[in-house]
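Architecture and fold: a report
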Amino acid sequence: MRAGTENVASIVGMAIALEKNISRIGEYKARMDQMTCEFYSVLDDAGVEYIKNGDIDCKIPGNINISVNGVSGESLLHLMGLKGICISTGSACDSVFNQVSHVIAAICVPEEYKQGSVRISFGWDNNEEDASIVANALVKSILQIRKK
């Protein structure tokens, strides 16, 4: 690093972007909660046996982490990818390794669910229809794996 003038324009731009986002945080959380409810509703209606991981009430809005009974998260990841839907099997900071997350192990997810842990994230540009599409694709992928 060396001395110099800070990028004032970018600093001001970041401050304005943060103010705008903070002013919409309640609206954002409400939208994410609606999408999350829609996602879970599709899984429940299809009879998928899954566990919601983590603190359901105190989490990052739009971030869903579930463990599905008797399926491989890696298989789900690849099948969903073939459908053009990106999901993850591990934490964002440990995406290189193909193993059960240390967090999943620490929160005592039952053994028959551990391998089926996946993370799905929704953002501002998504809507309830997107949540339904992703959930239905996940249901189809689970059924496809279980047919084998």
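Summarised in this report is the structure supplied together with it. Residue indices begin from 1 for each chain and proceed along its sequence in written order. Restriction of local features to residues with pLDDT of at least 70 applies here, the model being predicted, together with a cutoff of 80 or more for giving and counting side-chain atom pairs; totals for whole chains, interfaces and linings are based on all residues. For the side-chain quantities, the full set of heavy atoms in the structure was used; hydrogens and water were omitted.

The next thing to look at is the sheet that holds strand β3 (residues 117-121). If you trace the three strands from one edge of the open sheet to the other, you get β1-β2-β3, paired in antiparallel fashion. At either margin of the open sheet sits one strand with a lone partner, and together these are β1 (50-52) and β3. Averaged over all neighbouring strand pairs, the angle between strand axes comes to 30°, with direction disregarded. A pair of strands is treated as paired once DSSP finds two or more bridges between them. Numbering of helices and strands runs from the N terminus, with a helix taken as a DSSP run of H or I at least four residues long and a strand as a DSSP run of E at least two residues long. Here three bridges tie β1 to strand β2 (residues 63-68), and the two strands are oriented antiparallel to one another. By the bridge assignment, lysine 52 is partnered in β2 with isoleucine 66. Of the strands in this sheet, β1, β2 and β3 are in contact with helix α2 (residues 25-46), which crosses β2 at around 15°. Axes, fitted as lines to C-alpha atoms, cover a helix only where it is in contact. Angles between the N-to-C directions of the axes lie from 0 to 180 degrees. Here a residue-residue contact requires only that any non-hydrogen atoms of the pair lie within 4.5 Å.

Basic side-chain nitrogens of Lys or Arg form a salt bridge, by our definition, when they fall within 4 Å of a carboxyl oxygen of Asp or Glu. With the rule as written, the count across this model stands at two salt bridges. Across the salt bridge formed by glutamate 27 and arginine 24, the nearest N and O atoms sit 4.0 Å from each other. With a closest N to O distance of 2.6 Å, lysine 29 and aspartate 33 form a salt bridge. Pair noted here: lysine 29 and aspartate 33 are both in helix α2, with a separation of four residues, about one helical turn.

Turning to the packing of α2 against helix α6 (residues 128-147), a few remarks are in order. Viewed as axis vectors pointing N to C, α2 and α6 meet at an angle of 30°, and their least axial separation amounts to 8 Å. Overall, the two elements α2 and α6 adopt an arrangement that is roughly parallel. Crossing hand, α2 versus α6: right-handed. Here Gln34, Met35, Glu38, Phe39, Val42, Leu43 and Ala46 of α2 lie close against α6, whose contacting residues are Glu128, Ala131, Ser132, Val134, Ala135, Asn136, Leu138 and Val139. Any residue that is not Ala, Val, Leu, Ile, Met, Phe, Trp, Tyr, Cys, Pro, Asp, Glu, Lys or Arg is counted as polar, Gly included; the first ten are nonpolar and the last four charged. Taken together, the residues of the contact of α2 with α6 break down into ten nonpolar, three polar and two charged. Should an angle lie under 35 degrees it is considered roughly parallel, over 145 roughly antiparallel, and from 65 to 115 roughly perpendicular; all remaining angles are considered oblique. Crossings are assigned a handedness: left-handed for a near helix turned anticlockwise from the far helix by less than a right angle, right-handed for a clockwise turn.

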